[in-house]
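Structure at a glance
If you want the building blocks of each chain, they are given just below.
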Amino acid sequence: ADLGATPEKSLLHQWWGGQSKPPVTADPVITRSGRRVRIECATPGASIAYRITKPGTDVSEKWSVYASPMVLPRGHRVESVTHRIGYTISNVVSYE
């Protein structure tokens, strides 16, 4: 349906499930099986971003879009954040 003429307050009310503030995207859940790391989010339609860093180093790595499980190098940490458009961004979760 074309929602172009729908007032913004009505759209927000619909998107936010009747709340006055946007819902928060669920925090990412990082699990490990062997050396492979999987990242998931309970919020339907949320995008997942991650970066792999080495503890004790400058965090200058750019975020990448998560698509599938990956190998985490020994001695490194994966950080992840999730976001669904129209929602508040999640907390950053890390796993070593």
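Refer to the structure printed above.
Rules used in this analysis
- Residues numbered from 1 in each chain as written.
- Predicted model: local features only at pLDDT ≥ 70, side-chain atom pairs only at ≥ 80, totals over all residues.
- Heavy atoms only, no water.
- Helix = DSSP H or I, 4+ residues; strand = E, 2+ residues; numbered from the N terminus.
- Rg over C-alpha atoms; globule rule 2.2 N^0.38 Å.
- Buried < 20%, exposed > 50% of the residue type's maximum accessible area, 1.4 Å probe, protein only.
- Contact = heavy atoms within 4.5 Å.
- Areas by Shrake-Rupley, 256 points an atom, 1.4 Å probe, with all protein chains shown as cover.
- Lys, Arg positive; Asp, Glu negative; His and termini not counted.
- Charge placed at Lys NZ, Arg CZ, Asp CG, Glu CD.
- Core = buried A, V, L, I, M, F, W, Y, C linked by side-chain atoms within 4.5 Å.
- Pairing = 2+ DSSP bridges.

Considering the overall build of the chain
In terms of helices and strands, the chain carries one helix and seven strands. Compactness check: the chain gives a C-alpha radius of gyration of 17 Å against a globular reference of 12 Å for 96 residues, more than 25% above the reference. Along the longest, intermediate and shortest principal axes, the C-alpha atoms of the chain span 55 × 25 × 20 Å. Here the chain, with 96 residues, has 24% of them falling under the buried criterion. Intrachain contacts of the chain at a sequence separation of at least 6 include 51% that bridge at least 24 residues. Taken as a whole, the chain presents about 6,600 Å² of accessible surface, with 51% of it coming from carbon and sulfur. Side chains of the chain give 12 positive and 8 negative charges; the mean places of these two sets differ by 7 Å.

Considering the nonpolar core
Ile30, Val37, Ile39, Ile48, Tyr50, Tyr66, Met70, Leu72 and Val78 form the largest nonpolar core, which has nine residues in total. For this core, the secondary structure elements donating two or more residues are strand E2 (36–40) and strand E3 (47–53). With near-sequence residues (within four places) excluded, Tyr66 lies in contact with Val37, Arg38, Ile39, Ile48, Ala49 and Tyr50.

Examining the sheet that holds E2
Taken together, the three strands give an open sheet; going across it, the order is E1-E2-E5, and neighbouring strands pair in antiparallel fashion. The strands lining the two open edges of the sheet, one partner per strand, are strand E1 (29–33) and strand E5 (70–71). Strand direction decides the pairing type here: E2 and E5, joined by two bridges, are antiparallel. In the sheet register, Arg36 faces E5, and the bridge partner there is Val71.

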